[in-house]
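Take a look at the letters that make up each chain.
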Amino acid sequence: MQLKLSENIKKHRKEMGLTQEGLSEAFGVTIGAVSKWENGNNVPDILTLMELANFFNVSVDELLGYDMSSKNIDDMVDSIEDLYHAYRFDEAVSEANNALVRYPHTFKILYCCAELFFLKYTEGDDDKDRDTAISLYQRSMEHLSQNTDPHISEYSIRRRIAKLYTKKDPEKALDELKQINYDGCNDSSIASVLMNSGKFEESLKYGTMAIIRICADQYGVITNMAMTLAASGRKKDLEKAIELADMNIALTKLYSKPDQITYFHKLQTIMLLLKSWWLSALGDDAAMKACVKEMWDLANLYDRSASSNELSGSVRFYFSEDKAYSFDSTGAGAVSGIESMFEDDQSVVTAKIYKYMGKVIDEWNKLKESSL
């Protein structure tokens, strides 16, 4: 235990950017005393030990490196979680208070207790529980460096704090959400808070951005899943990939302004190309030719319409004065975009089935020659 203590004092001192002289000044001891603590030749008295733990924002057990502390902490967390998941809040609070006294600077304890009061507030709507949860979440962020759970981050904790503020203090909730609205990830939550606050125009603006983001994410995820399946070359996987391509085509039709040629029609041509390719791999030449014809007609219609990637003219529900654009890797035109995709570099995703693209290209070129 002494060896762990010496290592931990040195580690925490360095983490705070202090020299041995700096730590000695902070505690009114000699540099020699600090040196002895860190080389294991001496240990601080109990009061100094407690002051050091408080100074480093860790528990005494943690500073000592007491081997059982980790197990004790995990057992406490498991017990508190079992109790609050069973809605036995009084017992959970009692255990939480005991844990907080023993481990006031331990992330696992602080976060677990914050979750307890979060759920308790959700169930009982008691402002005291809300304030306790917020305070514990804020304290847990001070010790986030101890966290080993990849699902917990400063972002996720601040989202929890924002949710706690939503009902009683929407302005604070908005402030929290906007501060962590990385790349628009909280647009939908902000829109909801604004709606419930009666700020309808601003809510629609954020809602518009949320819809665009959701659409782009859906289209991208579905495309990736389809490509992943098709890469195997197996019949059942190619059939599923075609179903996903059809799903994306239906999705773009839902989002597109009706009775207009929009950027979504260009996205449809990309899906038709993939679908044609996979039909060719299945040996269904008749369906492949029909699909290439649909792609050819739609690509030329898009190019003639001089439509652009400006989304205010494309998205069915667009309620914002701000402009938004979408970009893909195929260039401005649909016809030229399709032809650029013919020149695939046979990546690991396409290598096994790229040979089936030949028939699609041949069919496309026939349609192109007949149009001249």
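What counts as what
- Residues numbered from 1 in each chain as written.
- Predicted model: local features only at pLDDT ≥ 70, side-chain atom pairs only at ≥ 80, totals over all residues.
- Heavy atoms only, no water.
- Helix = DSSP H or I, 4+ residues; strand = E, 2+ residues; numbered from the N terminus.
- Axes fitted to C-alpha atoms, helices over the stretch in contact; angles between N-to-C directions.
- Parallel < 35°, antiparallel > 145°, perpendicular 65-115°, else oblique.
- Left-handed = near helix turned anticlockwise from the far one by under 90°.
- Contact = heavy atoms within 4.5 Å.
- Nonpolar A, V, L, I, M, F, W, Y, C, P; charged D, E, K, R; others polar.
- Salt bridge = Lys/Arg side-chain N within 4 Å of Asp/Glu carboxyl O.
- Buried < 20%, exposed > 50% of the residue type's maximum accessible area, 1.4 Å probe, protein only.
- Core = buried A, V, L, I, M, F, W, Y, C linked by side-chain atoms within 4.5 Å.
- Patch = residues over 30% accessible without salt bridge, like charges linked within 9 Å, V, L, I, M, F, W, Y side chains within 5 Å.
- Areas by Shrake-Rupley, 256 points an atom, 1.4 Å probe, with all protein chains shown as cover.

Draft legend 1. Looking closely at the environment of Glu 201. Position of Glu 201 relative to the elements: it lies in helix H13 (residues 200–230). For the pair formed by Glu 201 and Ala 191, sequence separation is ten residues and the distance between their alpha carbons is 9.7 Å.

Draft legend 2. How the structure looks around the environment of Asp 78. Within the fold, Asp 78 resides in helix H6 (residues 68–85). The spatial distance from the C-alpha of Asp 78 to the C-alpha of Cys 112 is 9.0 Å, given a sequence separation of 34 residues.

Draft legend 3. Molecular detail of the packing of helix H7 (residues 89–102) against helix H8 (residues 107–124). At their nearest, the axes of H7 and H8 sit 10 Å apart, and the two run at 155° to each other. In terms of their interaxial angle, H7 and H8 are classed as roughly antiparallel. Crossing handedness for the pair H7 and H8: left-handed. Together, Phe 89, Ala 92, Val 93, Ala 96, Ala 99 and Leu 100 of H7 and Ile 109, Leu 110, Cys 113, Leu 116, Phe 117, Leu 119, Lys 120 and Glu 123 of H8 make up the contact between the two elements. For the contact of H7 with H8, the class distribution of residues is twelve nonpolar, no polar and two charged.

Draft legend 4. View of the pattern of salt bridges. Across all of its chains, the model carries 22 salt bridges by this definition. The closest approach of N and O atoms between Asp 125 and Lys 167, which form a salt bridge, is 3.3 Å. Of this pair, Asp 125 sits in the loop between H8 and helix H9 (127–142) while Lys 167 is found in the loop between helix H10 (154–166) and helix H11 (170–179), placing the two residues 42 residues apart along the sequence. In this structure Lys 167 comes out as exposed when scored by relative accessible area, which is 56%.

Draft legend 5. Seen up close, the nonpolar core. Ranked by internal contacts, the top residues of the largest apolar core, which has 48 residues, are Trp 278 and Trp 364. Those elements that place two or more of their residues in this core are H13, helix H14 (235–255), helix H15 (263–281), helix H16 (285–305), helix H17 (334–342) and helix H18 (357–371). Tallying contributions element by element places H15 first for this core, with twelve residues. Dropping the residues within four chain positions of it, Trp 364 is found in contact with Val 292, Met 295, Trp 296, Ala 299, Val 335, Ile 338, Glu 339 and Phe 342. Formed by 35 residues, the second largest nonpolar core is a distinct cluster that contains Phe 107, Phe 117, Ile 134 and Ile 157.

Draft legend 6. Inspection of a nonpolar patch on the surface at higher detail. Among the surface-exposed residues, Ile 46, Leu 47 and Met 50 lie close enough to one another that they form a single nonpolar patch of about 330 Å² accessible area. Assignment of secondary structure puts Leu 47 in helix H4 (residues 46–55). The exposed category is assigned to Leu 47, whose relative accessible area is 59%.

Draft legend 7. Unusual backbone geometry, seen in detail. Even without a glycine there, the phi angle at Asn 57 is positive, about 60°. Note that Asn 57 resides in the loop between H4 and helix H5 (60–64). Positioned with a positive phi, Asp 259 is a non-glycine residue whose angle comes to about 60°. Inspection of the secondary structure puts Asp 259 in the loop between H14 and H15.

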